[in-house]
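An overview of the molecular structure
Okay, here's what each chain looks like letter by letter:
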Amino acid sequence: MPRHARRKSETGVYHVIVRGANKQEIFHDDHDRIKYLDLLQKYKSESGFRMYAWCLMGNHVHLLMKEGSEDISLVMKRVGVSYAFYYNSKYNTTGHLFQDRFKSENVENRMYFLTVARYIHQNPIKAGMVSHPHEWKWSSCLAYYGKTVYPPNLLDPHYLFSMFSPHLSIAQNEFKEFNERNNDDQCLDASSVRRLTDDEARVEIMKCLGSYEIPQVKSLSREERNTILRNVKGIQGLSQRQAARILGVSPSLIFKV
């Protein structure tokens, strides 16, 4: 089935979601997240887009951004290709890292702009990772609260603040109240799920093992072991590094199957 062209946003603003292929994790440590943010900063300098909000989760990314001199699709392709090259080199893997096509929705008015910004900042809360949005350091929330965030020049906060007050301190306080308000916001769905605790993960892994016990997996034949690992990778809320730690196998082994 042919792909349909994306409908252009009249404001040039988009809510973008980038996901790992087959829901796989795309960030395994802080260095991975820093690399992705560095790439966003690099291509922002080249294409002139504006970044209004971001949040990096384990297997997907949320961005609220305004198109610059280049089409949003070209920008995201450049970021994706560069990050995939870094990832495959670092982890010695091959194949597709990202879902073939990123998802996006047009943001055409101020109220929905604010709704998306809050939705992005509250994503870690709804995934059960933190209790308050500022506790997740891999989002733009801290910058809006006047705190240091990496990279320091990626965010363009003035447009959002202008919706609250011309005075920075007042705008920060009013946005913080809005940003932490309980809500039923429904935006473009990233199909994110709560991360399993290790105890929950062991229970779910055991369901994939049949008659085997967890310590036996690493000693199975390659074919049996890989079949089990592929099933384990399909467990929602289980990170691949978490699975590797529990099963006692190399993370790269799980990444490759």
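Note that the coordinates shown come from a computational prediction; the quantities given were computed from them, not determined experimentally. (Residues numbered from 1 in each chain as written. Predicted model: local features only at pLDDT ≥ 70, side-chain atom pairs only at ≥ 80, totals over all residues. Heavy atoms only, no water.)

1. Some thoughts on the environment of Ile 26
Mapped onto the fold, Ile 26 is located in the loop between β1 (13–19) and α1 (30–47). On the basis of relative accessibility, which here comes to 0%, the residue Ile 26 falls in the buried class. (Helix = DSSP H or I, 4+ residues; strand = E, 2+ residues; numbered from the N terminus. Buried < 20%, exposed > 50% of the residue type's maximum accessible area, 1.4 Å probe, protein only.)

2. A look at the confidence of the model for the chain
Mean pLDDT over the chain stands at 89; residues scoring 70 or higher make up 95%. Element-level mean pLDDT values for the chain span from 76 in helix α11 (residues 251–256) up to 98 in strand β2 (residues 50–56). (pLDDT = per-residue confidence, 0-100.)

3. So, the packing of aromatic side chains
Throughout the structure, instances matching the rule amount to 14 aromatic pairs. Consider the rings of Phe 27 and Tyr 36, whose centres lie 5.5 Å apart with planes at 75°: the pair is edge-to-face. Classification of Phe 27 as buried rests on a relative accessible area of 2%. An angle of 80° between the planes, with centres 5.4 Å apart, marks the rings of Tyr 36 and Tyr 83 as edge-to-face. (Phe/Tyr/Trp six-rings, centres within 6.5 Å; stacked < 30°, edge-to-face > 60°.)

4. Quick notes on the pattern of salt bridges
Any two side chains of opposite charge can pair, given that their charged atoms come close. Taken as a whole and judged by the stated rule, the model has 14 salt bridges. Linking Asp 29 and Lys 90 is a salt bridge whose minimum nitrogen-to-oxygen distance equals 2.9 Å. Of this pair, Asp 29 sits in the loop between β1 and α1 while Lys 90 sits in helix α2 (residues 72–91), and the two are 61 residues apart along the sequence. Relative accessible area serves as the criterion here: at 23%, Asp 29 is assigned to the partly exposed category. (Salt bridge = Lys/Arg side-chain N within 4 Å of Asp/Glu carboxyl O.)

5. Re unusual backbone geometry
With an omega of -10°, the peptide bond running from Tyr 150 to Pro 151 counts as cis. Structurally, Pro 151 can be placed in the loop between α5 (141–144) and α6 (158–162). One non-glycine residue, Asn 92, adopts positive backbone phi at about 55°. Within the secondary structure layout, Asn 92 lies in the loop between α2 and β4 (103–106).

6. Here we look at the nonpolar core
In this structure, Tyr 36 and Leu 64 are the most contacted members of the largest nonpolar core, which totals 62 residues. Per element, the largest residue contribution to this core is nine residues, and it comes from α2. Ignoring anything within four residues of it in the chain, the contact list for Leu 64 reads Val 13, Tyr 14, His 15, Arg 50, Met 51, Tyr 52, Ala 53, Val 107, Phe 113, Val 116, Ala 117 and Ile 120. Core analysis: the next-biggest nonpolar cluster, separate from the first, contains 18 residues, Ala 201, Leu 209, Ile 214 and Ala 243 among them. (Core = buried A, V, L, I, M, F, W, Y, C linked by side-chain atoms within 4.5 Å. Contact = heavy atoms within 4.5 Å.)

7. Topic: the packing of helix α8 (residues 198–206) against helix α10 (residues 240–247)
Helix-helix packing is characterised by the crossing angle of the two axes and by the distance between the axes. The interhelical angle for the contact between α8 and α10, taken along N-to-C directions, is 75°, at an axis separation of 11 Å. Taken together, the axes of α8 and α10 lie roughly perpendicular to each other. Residues Asp 198, Ala 201, Arg 202 and Ile 205 of α8 form the contact with α10, whose own contacting residues are Gln 242, Arg 245, Ile 246 and Leu 247. For the contact of α8 with α10, the per-class residue count stands at four nonpolar, one polar and three charged. (Axes fitted to C-alpha atoms, helices over the stretch in contact; angles between N-to-C directions. Parallel < 35°, antiparallel > 145°, perpendicular 65-115°, else oblique. Nonpolar A, V, L, I, M, F, W, Y, C, P; charged D, E, K, R; others polar.)

8. Overview of the sheet that holds β2
Whether parallel or antiparallel, the strands of a sheet pair through hydrogen bonds between backbone atoms. The four strands lie next to each other as β2-β3-β1-β4, forming an open sheet whose pairing is antiparallel. Looking at which strands have only one partner, the edges of the open sheet turn out to be β2 and β4. Strand-to-strand twist across the sheet, computed as the mean angle between neighbouring axes with direction ignored, equals 15°. Relative to strand β3 (residues 60–66), β1 is paired through seven bridges, and the arrangement is antiparallel. Looking at the pairing, His 15 lines up with Leu 64 of β3. (Pairing = 2+ DSSP bridges.)

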